Amino acid sequence: MPKRTDIKTILLIGSGPIIIGQACEFDYSGTQAVKTLKEQGYRVVLINSNPATIMTDPEFADRTYIEPIKEDIIAKIIKDENVDAVLPTMGGQTALNVATSMYEKGMLDGIEFLGATPEAIHKGEDRSAFNEAMIKIGMDLPKSANAYSVEEAIEVAREIGFPVISRASFTLAGGGSGVAYNMEEFEKLAQEGISASPVNEIEIMESMLGWKEYEMEVIRDKADNCIIVCAIENFDPMGVHTGDSITVAPALTLTDKEYQRMRDASFDILREIGVDTGGSNVQFSICPNTGRMIVIEMNPRVSRSSALASKATGYPIAKVATLLAVGYTLDEITNDITGTPASFEPVIDYVVTKIPRFTFEKFPEAVNTLSTSMKSVGEVMAIGRTFKESMQKALCSLETDLCGFNEIDAETEFVQHEIRRPNADRMLYVAEGFRRGMSVEDMFDTCAIDPWFLYQLEELIQTESTITDKILFDAEFMRNVKVDGFSDKRIAQLIKKNSNQDVSEMEVYEKRKSLGVSLEFNEVDTCAAEFEALTPYLYSTTNITKLPNLTTRVSDKKKVLILGGGPNRIGQGIEFDYCCVHAAFALREMGIESIMYNCNPETVSTDYDTSDVLYFEPIDFEHVREVIENEQPDGIIVHFGGQTPLKLADALTKIGANISGTTSAVIDLAEDREQFSDFVNKHGLKQPANGLARKKEEAGPIAEKLGFPVLVRPSFVLGG
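Residues numbered from 1 in each chain as written. Predicted model: local features only at pLDDT ≥ 70, side-chain atom pairs only at ≥ 80, totals over all residues. Heavy atoms only, no water.

Engineer: Where do I start with unusual backbone geometry in this structure?
Structural biologist: Trans is the prevailing form of peptide bonds, just as negative phi is the prevailing case for residues other than glycine. Cis geometry marks the peptide bond from Ala249 to Pro250; its omega dihedral reads -5 degrees. Relative to the helices and strands, Pro250 is located in the loop between β12 (247-249) and α8 (256-273). With an omega of 0 degrees, the peptide bond running from Phe708 to Pro709 counts as cis. The phi dihedral of Asn82 falls on the positive side, at around 55 degrees, and the residue is not glycine. Looking at Asn82, the relative accessible area reads 57%, which means it is exposed. The residue Asp401 is not glycine, and still its phi comes out positive at about 65 degrees. With respect to the element layout, Asp401 can be found in the loop between α11 (387-397) and α12 (412-420). Given a relative accessible area of 70%, Asp401 falls into the exposed group. (Helix = DSSP H or I, 4+ residues; strand = E, 2+ residues; numbered from the N terminus. Buried < 20%, exposed > 50% of the residue type's maximum accessible area, 1.4 Å probe, protein only.)

Here it is, written out as structure tokens:
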């Protein structure tokens, strides 16, 4: 069917400020939606209150309102702009809730919903309505009941028995949700959930702690064409919010029969809920002992998992969902990456790992046990040919000084405790447990992580113990270790540990190159190389067998590499992605080829059409260097990505990289407290009395001399 011509002006509702559970993934989806609607000839009006977003740039929407996302303001915009339809499915829970509330109050009479109807939103988001819909189509659900007061909730909890899971309706990132093991915990949790829910409703359900959790990213059109864009598996068992869990794609531990059951169920759920013009996210859980499969929930909108699935497969979910919303069917839409119809289900020949980024160090008093209410502030994504490679690359991407499964210095009893307790570093404690002799069986009994993943980590730790200085002279061994994703820096650490020989990362790199072991670059193409990829979207890997030397990618234009900001965290967020995106746009206008480099799947910068070439890689010296060698860029921009790429400027300069704009010497001058203080003195400027300490013992006397209170400021840090 052709696009709709009965609507002219569409209002897109944004997601507002960055909060836990709602970050720059909605800037990605909103920006794609605005661009797509304008390309189709619609007049686009946007409301959003976040000035750091790409979507709020004046050149995107026809009319942009930087205003609070409130009902009265939206109503006035609809009247003033003669809006025909609203698109609320690209702005997260904020947009869905305000649009639904306005509809129920009769404030949207005559205004059409695009992407999902009010009825579909209600059936997907309201716990009671969703359960009724699932029962109607024969889906298995956990034993549960809804409550609207603490008193009702207590009665339900007594009937189900502890532990129980409490989930609030119409909330974001599991807000007001959690697990309770006794009545005291439950009463507090129930009160929080009822207060958090805009309809004062919570669902109390039987515990599924230890079950396996999966997500299916699904798209359906009005002709009932349905596809699975991506099947995502949680590394952590049930009990951890999927936004806080390590996840992998494709799902690796499902049998084919289980996958087909889940696929069919996903399609049945979208049909029953009524989502017929866009994408949705459906979550399932499977009991590892019995194979019982239950439906947990669905989101009738684009979500953080949609952004992850889109970047993991290369399938432009937000663009396709927008086109479906205005009348097209999947077979009428072209996948820009391959030129094939969007009705082709993506197939990937690599493994993607997402690891969430936490900032508990900023809040030392906060409870850092992970549960069903989300706590992470960002995430990284890595791509490898194997799970081992993908996982180790993701660890290198986190910006937490990891170069792989670094050792943990702690008592064995504490290590075992942290393996049992869901926490931000549990995967590191699992690895440490294997170093200390725990078996896969013992580990599974302790943490309930699927044995397949545990065997993979156990094998990595076994490989660790074999890495000695001999690897520097053994090409086959070096290649096998790199296939498993070991970084040069980690190899150097393990040589020191196992051979008591000091070797630098640079020396490992030079020996590796002399042995003919280099990283190769593969394409993300949505189709496992069945069709030619039209957009260069690349990741590095080490092939198990040596391939012929490939020539550097040739371009008749000048090339500039832009280093992104990595994962969102407090002090480094969407504003740096904004800068990187505009750098790519500016380079394109000047006729210069832009090469984007980042590891954050939520961002506009990692969208397939933002730059001419995209590398999805850890922002560390080893991987950046390999890309520089592959691309031979004429310049490298490091100062738009925040502290993350700034830290690499000096090392890149030393290998002859051409830093565009602010040089490494100037960066050091601004970031190093001692150098900056000397600079201020040299130019006769005033500054507060200060002193410099490099050891704890030096700091005390300096503070005594200056007099309390004093301000302590480290060099080269992010967000203070």
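Further notes follow.
Engineer: Teacher, can you tell me more about the sheet that holds strand β4 (residues 85-87) here?
Structural biologist: Where strands meet in a sheet, backbone hydrogen bonds hold them as pairs that are either parallel or antiparallel. Strand order in this open sheet of 5 strands is β3-β2-β1-β4-β5, and the pairing throughout is parallel. In this open sheet, the two edge strands, each paired with only one partner strand, are β3 (63-66) and β5 (112-113). Note that strand β1 (residues 9-13) and strand β2 (residues 43-48) share 5 bridges and pair parallel. Residue pairing for β2: Thr9 is matched across the bridge by Arg43. (Pairing = 2+ DSSP bridges.)

Engineer: Could you clarify how one ought to interpret the packing of helix α5 (residues 127-136) against α8 in this entry?
Structural biologist: Packed helix pairs are characterised by how far apart their axes lie and by the angle those axes make with each other. Interaxial distance between α5 and α8 falls to 10 Å at its minimum, and their mutual angle equals 120 degrees. Relative to α8, α5 is oriented oblique. For the crossing formed where α5 meets α8, the hand is right-handed. Between α5 and α8, the contacting residues are Phe130, Ala133, Met134 and Lys136 on the first element and Ile269, Glu272 and Ile273 on the second. (Axes fitted to C-alpha atoms, helices over the stretch in contact; angles between N-to-C directions. Parallel < 35°, antiparallel > 145°, perpendicular 65-115°, else oblique. Left-handed = near helix turned anticlockwise from the far one by under 90°. Contact = heavy atoms within 4.5 Å.)

Note that all results are geometric; they support no functional claim without further evidence.
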